[in-house]
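Residues per chain, in single letters:
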Amino acid sequence: MGCGHSHHVGYHPKLLGRSESGKARPASESEGPKLESFVVIRVLRADLLRSFDAYGKMDPFAVVEWHQEGTRKEIARTRIDWNADMHPHWDHTCRGQPFKMAGNTMVEFQVMEGNVIGRPSFCGAAKISIGDLAPEPTSEVGTATGPVLKLELKLASGPTCEPEVTGHVFVQALMVQTTVLGRGKTPGLSRVDEGLFEGPIERLGVSGGSAAFFKLHLKPGSGRARDYFIGKDLSHAEDEVTFYEEALALKRQPGVAGLGPLLSYTLEYAGVLTNTEETSAGEKKTELLVMRNLRCGSSKHRFLDIKIGQKTAQAGWQGKSRVAALRQSMVDGITNSSCEGFRLEGFDGRPPALESMDPLLDLGMTGNAKMAKKALRVMLQRMPAAEMLLHWLDLHQEPSDVPNEKLKLQLCTTEVAEIVCHEAVRSLCGLAVACRRSPVPQKWIGSSVGLGFDSGSLPQRKGGEEEVRKSTLVCIFDWGRSELNTMNKHMQLSEKDQLDRGEFWRYYMGGIDRLAWEAARAYQHRFSCSKWSLLTFKVCDFDSMSENDFIGRLCVPVEETPETCADLNSKDGNHVVGDYGWRGSATLTYSITWRPFPQPSRMKGAWRVHLIRAQHLPRQDKMQLRTTSDPMCEITACAADPKGLLCLRQVSSVKVRHLDPEWGETFDLPVANVEDSHLQEALEGAASGLGSCGDVFLAEKIPTWIREQILPQGMHGRSSSRWSWSENNLDNEALDRALDTWKARLDLASATVSPSSGARCREAPVAEHGQMAAPGEKHKIMTEERRTGAIEAAVLSELDARSLCHKAGSAEEPNLVAVGAEDAIPVLSPPVMIERKGIHQSCWELSGCAACIPST
């Protein structure tokens with residue numbers, strides 16, 4: 001299903017002295033491998049049709065009961081989704097239950113509304129046979145993920161009345177086949193032969209923590225690059241070695257305990273190596289963790305270390321003190337962890353534009369390296385995902401681009417960035433799906449996701465795409481505060497500990513989902529446009545301690561333009577002038593050229609925007625008692641595309657203390673072929689059925705003047721000649737709706753067992769009114785045809801909900817359907833750009849642009 005990459009992970013039989021097959025030694029004859037089947041139920045969300053609260057918003061939760069052989073027991077109780085009202089999201093994983101082929105086992109889902117005072121209010125219940133809920137068990141070790149099912153919630157209103165349909169609950173089941181061998185055994189250390197490496201080892205430095213890294217060199221004949229592995233000091237990484245050894249032991253087992261897709265993203269780990277290090281006191285023996293060197297083969301490695309989870313510490317967990325956990329929670333609260341569920345901890349190989357943004361510029365402490373390092377870390381931790389991906393894909397200065405005459409032989413920087421982003425989208429979406437296929441929740445606190453590629457060179461066109469994809473890495477690492485949970489371990493945990501694992505697993509999955517969504521959004525708005533329409537230059541004064549100060553802007557159409565000097569406009573449309581007007585109007589010099597790409601390139605070409613210089617800028621650093629500014633330019637391209645409004649933003653370097661900055665930088669606006677659908681290919685490569693998500697990746701930043709033309713109702717009573725740029729991102733409601741839709745579609749794509757297509761149906765006993773269905777009574781379980789489109793999804797969802805209560809003349813109603821794309825939460829319809837009359841054909845800016853207003 002495309003969830004993992006074989007080159008990311010794996011152990012090395014030659015290094016560890018094992019057989020090529022990598023299989024564990026067979027069990028003894030007396031022990032005998034015995035398979036056990038468990039059903040793991042996930043309660044995803046619910047959609048209620050009416051409120052059960054007298055006032056305010058509802059706080060729903062769900063209770064799952066297991067009915068077997070005349071007995072019933074509660075197997076799970078979800079958390080309360082506070083203020084979720086009629087659309088709660090739980091994403092709760094229940095305790096695994098042994099599966100037996102014989103018997104009529106039923107599962108009942110009860111949705112309750114939590115009350116602060118008094119007992120919870122009953123909102124409805126749905127009951128289904130376990131045979132209809134769970135996929136068929138197999139004879140092999142592993143995990144089979146069933147489709148997401150939409151069950152009707154019914155509430156009995158009286159002994160003679162038909163039950164009221166109060167909503168739907170969305171559930172999913174996993175069938176886990178595992179063995180009982182090796183329960184409770186802790187694997188020992190895997191030793192690596194010292195003779196495979198050259199000695200003595202060389203110390204490289206200290207990582208973000210306290211563990212030092214060592215350079216390892218494989219001897220010739222190993223079949224791998226000389227620097228393929230790197231060593232990490234075991235004395236400062238003892239909290240990680242247990243995780244690596246348990247993961248290595250699981251990979252030797254058939255089926256990998258159902259965690260194969262997830263563990264395929266972990267770093268390669270070979271074992272523990274004992275080697276000699278030369279120190280000032282002489283030689284000493286050092287034990288090292290031998291793992292994959294992410295810099296192997298890269299001339300300049302660009303790497304993001306992204307710490308996942310909105311909560312990255314817990315007091316009392318694996319030696320974490322209360323003081324340290326409190327300090328870490330404060331860091332979580334003031335960084336991007338509390339906003340998007342992750343934060344940027346490290347950025348290796350930063351582009352020159354980001355290097356020029358000195359975090360201590362406003363304080364005048366540019367020479368203090370120690371303070372600059374701390375301030376840079378804070379700046380990175382507060383950076384949103386759109387900003388970090390913008391800089392990660394920024395190749396407009398390094399490496400040097402290919403001249404036009406060599407373009408047929410070598411890939412250009414734009415083509416390399418497109419392939420890197422495409423591979424990152426596929427891998428991150430695959431990781432999000434792999435998390436959903438885990439049979440048990442994990443407690444991975446402080447774990448990180450790494451995104452990296454080689455940004456130091458441009459490969460040849462022949463075979464260049466495969467080379468770039470091979471150098472693009474998406475991996476998960478940093479297991480110092482993490483636990484590798486399995487089905488056997490999870491079954492032995494108390495209910496409190498299981499809920500604790502589920503809470504932190506939701507934090508982790510939420511961060512992965514958002515990061516995958518941000519990467520897909522970056523690809524759509526950067527590489528999916530077939531025709532750019534409008535280009536905006538926004539000149540700002542860079543402020544390291546506050547928001548950047550606006551200086552001026554210039555709007556131009558995207559078309560062939562020779563070197564042009566145009567006046568900058570202020571927010572109200574007037575020309576920007578220097579201090580007291582004696583320096584004249586502020587101007588910006590630019591040019592735009594078209595660059596076609598040779599076939600068979602993945603893109604049609606790119607518009608090359610040459611940012612040359614700005615002159616006569618007003619001073620903005622008056623509060624620092626300076627007579628200069630620190631100008632930078634933000635370039636934003638917009639287009640009305642069939643996919644919706646596309647918006648691509650790029651930034652220049654900062655010119656410190658200048659009023660007449662000379663940039664000389666070139667930015668590319670990639671133009672895609674109309675018939676290409678590379679984003680859909682990347683999503684489908686991650687999981688089948690995920691390619692229909694192109695309508696959820698809304699624009700990152702939209703100026704107010706574009707909003708007014710997209711939303712006609714917002715234009716009434718407003719001045720049409722006023723310019724206003726909003727620095728706020730999308731409205732929270734639209735953003736939350738898009739993210740909810742994205743998560744719902746990831747749930748659908750996580751199924752490894754596809755539902756029947758077309759109008760086929762199967763019969764299964766379904767209970768009504770809280771009673772077991774009679775043997776002769778059946779309800780058909782229909783699988784509807786997949787329907788796509790955001791507007792159609794919204795309409796069909798509403799019609800389906802209403803038809804449950806208003807069907808007439810129907811002998812029976814479907815109680816259970818397999819969820820398709822139409823059941824995902826609908827998003828807003830793609831915006832349509834409305835062009836106003838009386839202005840330039842390619843410009844929607846009412847106060848004028850360089851082509852609309854003659855220079856004074």
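Engineer: For this particular structure, what's the right way to read the overall build of the protein chain?
Structural biologist: Of regular secondary structure, the protein chain possesses 17 helices and 32 strands. Roughly 37500 Å² of accessible area belongs to the protein chain as shown, and the carbon and sulfur atoms make up 51% of that amount.

Engineer: How should helix α9 (residues 385–392) be read in this particular structure?
Structural biologist: Residue pairs three or four apart in sequence face the same way in an α-helix, which turns once every 3.6 residues. With 8 of 8 residues buried, α9 is to be regarded as a mostly interior element. Here α9 has its buried residues at Ala385, Ala386, Glu387, Met388, Leu389, Leu390, His391 and Trp392.

Engineer: In this structure, what is going on with the packing of helix α10 (residues 413–436) against helix α14 (residues 678–686)? I would like to understand it.
Structural biologist: If you want to describe how two helices pack, look at the angle between their axes and the distance between the axes. Packing of α10 against α14 brings their axes to within 7 Å, and their N-to-C directions diverge by 35°. The way α10 lies across α14 gives a crossing that is right-handed. For the pair α10 and α14, the contacting residues are Glu418, His422, Val425, Arg426, Cys429 and Gly430 in the first and His678, Leu679, Glu681, Ala682, Leu683, Gly685 and Ala686 in the second. Looking at the contact of α10 with α14 residue by residue, the class counts come to 6 nonpolar, 4 polar and 3 charged.

Engineer: Please explain the nonpolar core as it appears in this structure.
Structural biologist: Side chains of nonpolar character tend, in soluble globular proteins, to be buried together. Ranked by size, the top nonpolar core spans 109 residues in total, and within it Trp392, Val425, Val449 and Trp742 carry the most contacts. A per-element tally of this core places α10 first, with 14 residues. With sequence-adjacent residues up to four places away left out, Val425 is seen in contact with Ala519, Ala520, Tyr523, Leu679, Ala682 and Leu683. With 33 residues, the next largest nonpolar core counts Met58, Cys94, Ala144 and Met175 among its residues.

Engineer: Is there a simple way to think about the packing of aromatic side chains in this case?
Structural biologist: When we look at a pair of aromatic rings, we describe it by the centre distance and by the angle of the planes. A full pass over the atoms with the stated rule returns 17 aromatic pairs. Ring plane angle 10° and centroid distance 4.1 Å describe the contact between Phe243 and Trp479, whose orientation is recorded as stacked. On the criterion of sequence distance, the pair formed by Phe243 in helix α3 (residues 238–252) and Trp479 in the loop between β20 (473–477) and β21 (481–483) is long-range, its members being 236 residues apart. Pair check on accessibility: Phe243 and Trp479 agree, each one buried. Between Trp444 and Tyr508, the ring centres sit 5.3 Å apart and the planes meet at 90°, which makes this aromatic pair edge-to-face. One end of the pair, Trp444, is in strand β18 (residues 443–445); the other, Tyr508, is in helix α13 (residues 495–527), with 64 residues separating them in the sequence. Residue Trp444 is classed as buried on the basis of its relative accessible area of 2%.

Engineer: Where do I start with the sheet that holds strand β25 (residues 587–596) in this structure?
Structural biologist: Think of a sheet as strands paired side by side through backbone hydrogen bonds, with each pair either parallel or antiparallel. Taken in spatial order, the 4 strands make up an open sheet running β24-β25-β26-β29, and their pairing is antiparallel. Only two strands of the sheet have a single neighbouring strand rather than two, namely β24 (561–567) and β29 (662–671). Going across the sheet, the axis of each strand differs from the next one's by a mean of 20°, ignoring polarity. As paired elements, β25 and strand β26 (residues 605–615) share 10 bridges and run antiparallel to each other. Across the sheet, residue Thr593 finds its bridge partner in β26, namely Arg608.

Engineer: What should I look at first to understand the sheet that holds β20 in this one?
Structural biologist: Read across the sheet, 4 strands follow the order β17-β16-β19-β20 without closing on themselves; strand pairing throughout is antiparallel. For this open sheet the edge positions go to β17 (342–348) and β20, each flanked by a neighbour on one side alone. Direction aside, the axes of adjacent strands within the sheet are offset by 20° on average. Here strand β19 (residues 448–454) runs beside β20; their pairing, made up of 5 bridges, is antiparallel. Looking across to β20, one finds that Gly452 is bridged to Leu473. Each of β16 (301–308), β17 and β19 is contacted by α9, which is oriented at about 20° to β17, the strand it contacts most.

Engineer: Explanation requested: the pattern of salt bridges in the structure shown.
Structural biologist: When their charged atoms lie close together, side chains carrying opposite charge are able to pair. Inspection of the entire model under this criterion finds 45 salt bridges. The partner of Glu277 in a salt bridge is Arg203, with the nearest N and O atoms 3.1 Å apart. Within this pair, whereas Glu277 is found in strand β14 (residues 269–279), its partner Arg203 is found in strand β11 (residues 202–206), the two being separated by 74 residues in sequence. Judged by relative accessible area, Glu277 falls into the buried class, the value being 3%. What makes Arg203 partly exposed here is its relative accessible area of 43%. One salt bridge connects Glu662 with Arg613, and the closest N-O pair in it is separated by 3.0 Å. Of this pair, Glu662 sits in strand β29 while Arg613 sits in strand β26; the two residues are 49 residues apart in sequence, bridging distant segments of the chain. For Arg613, a relative accessible area of 23% puts it in the partly exposed group.

Engineer: When you look at the environment of Leu431 in this model, what are you seeing that I'm missing?
Structural biologist: Turning to its location among the elements, Leu431 is positioned in helix α10. For the pair Leu431 and Ser264, spaced 167 residues apart in the sequence, the C-alpha separation amounts to 9.2 Å.

Engineer: Explain the pairing of strand β6 (residues 106–113) here, please?
Structural biologist: Residues in a regular strand project their side chains so that they alternate between the two faces of the sheet. The buried fraction of β6 amounts to 8 of the 8 residues, a majority that puts the element mostly inside the structure. Where β6 lies against strand β7 (residues 121–129), 8 bridges are found, and the strand directions are antiparallel. Each residue of the ladder has a partner; that of Glu108, found in β7, is Lys127.

Engineer: It is not clear to me how the pairing of strand β10 (residues 164–179) should be interpreted in this structure. Could you clarify?
Structural biologist: Burial of β10 is extensive: 15 of the 16 residues sit out of reach of the surface. Two elements, strand β8 (residues 142–145) and β10, share 4 bridges in a ladder whose sense is antiparallel. Residue Thr143 lies in a different strand from β10, and its bridge partner there is Val176. In the sheet, strand β9 (residues 149–155) pairs with β10 via 7 bridges, with the strands oriented antiparallel. Looking at the pairing, Lys150 lines up with Phe170 of β10.

Engineer: Which parts of the structure should I look at to understand the side chain of Thr413?
Structural biologist: Inspection of the secondary structure puts Thr413 in helix α10. Looking at Thr413, the relative accessible area reads 5%, which means it is buried. What Thr413 contacts, discounting residues up to four positions off in sequence, is Leu395, Pro399, Asp401 and Leu458.

Engineer: Explanation requested: the packing of α10 against helix α16 (residues 732–749) in the structure shown.
Structural biologist: It is at 9 Å that the axes of α10 and α16 come closest, and there the two elements cross at 65°. Here α10 lies roughly perpendicular to α16, going by the angle between them. Regarding α10 and α16, the two cross each other, and that crossing is right-handed. The segment α10 lies against α16, with Cys429, Ala432, Val433 and Arg436 engaging Trp742, Lys743, Leu746, Asp747 and Ala749. Here the contact of α10 with α16 is composed, by residue class, of 6 nonpolar, no polar and 3 charged.

Engineer: Would you explain the environment of Arg619 in this entry?
Structural biologist: Structurally, Arg619 is set in the loop between β26 and β27 (631–641). Classification of Arg619 by relative accessible area gives partly exposed; the value is 23%. With 38 residues separating them along the chain, Arg619 and Arg657 place their C-alpha atoms 9.2 Å apart.

Engineer: Explanation requested: the side chain of Gln177 in the structure shown.
Structural biologist: The topology assignment puts Gln177 in strand β10. Here Ser37 takes part through its side chain, which lies 2.2 Å from a polar atom of the side chain of Gln177. If we ignore the near neighbours within four places in the chain, the residues touching Gln177 are Leu35, Glu36, Ser37, Pro137, Thr138, Glu140, Val141 and Gly142.

Engineer: Honestly, the confidence of the model for the protein chain in this entry has me stumped. Any pointers?
Structural biologist: Close reading of the predicted structure is inappropriate where its pLDDT is low. Taken over all residues, the pLDDT of the protein chain has a mean of 80, while the share at 70 or more is 77%. The low-confidence segment residues 1–31 (pLDDT under 50) makes 91 contacts with residues lying over four places distant or belonging to another chain. Note on residues 826–856: pLDDT under 50 across the span, and 78 contacts to partners over four residues away in sequence or across chains.

Engineer: Mind showing me how you'd approach unusual backbone geometry here?
Structural biologist: Negative phi is the rule for most residues except glycine; trans is the rule for most peptide bonds. Between Glu398 and Pro399 the backbone carries a cis peptide bond, its omega angle lying at -5°. With respect to the secondary-structure elements, Pro399 resides in the loop between α9 and α10. Cis rather than trans, the peptide bond between Gln599 and Pro600 has omega equal to 5°. Residue position: Pro600 is located in the loop between β25 and β26. One non-glycine residue, Glu69, lies in positive phi territory at about 55°. Structurally, the position occupied by Glu69 is in the loop between β2 (60–68) and β3 (71–77). Residue class for Glu69 comes out exposed when judged on its relative accessible area of 72%.

Parameters and conventions
Residues numbered from 1 in each chain as written. Predicted model: local features only at pLDDT ≥ 70, side-chain atom pairs only at ≥ 80, totals over all residues. Heavy atoms only, no water. Helix = DSSP H or I, 4+ residues; strand = E, 2+ residues; numbered from the N terminus. Areas by Shrake-Rupley, 256 points an atom, 1.4 Å probe, with all protein chains shown as cover. Buried < 20%, exposed > 50% of the residue type's maximum accessible area, 1.4 Å probe, protein only. Axes fitted to C-alpha atoms, helices over the stretch in contact; angles between N-to-C directions. Left-handed = near helix turned anticlockwise from the far one by under 90°. Contact = heavy atoms within 4.5 Å. Nonpolar A, V, L, I, M, F, W, Y, C, P; charged D, E, K, R; others polar. Core = buried A, V, L, I, M, F, W, Y, C linked by side-chain atoms within 4.5 Å. Phe/Tyr/Trp six-rings, centres within 6.5 Å; stacked < 30°, edge-to-face > 60°. Pairing = 2+ DSSP bridges. Salt bridge = Lys/Arg side-chain N within 4 Å of Asp/Glu carboxyl O. Parallel < 35°, antiparallel > 145°, perpendicular 65-115°, else oblique. Polar contact = N/O pair within 3.5 Å; in protein donor to acceptor, adjacent residues only side chain to side chain. pLDDT = per-residue confidence, 0-100.

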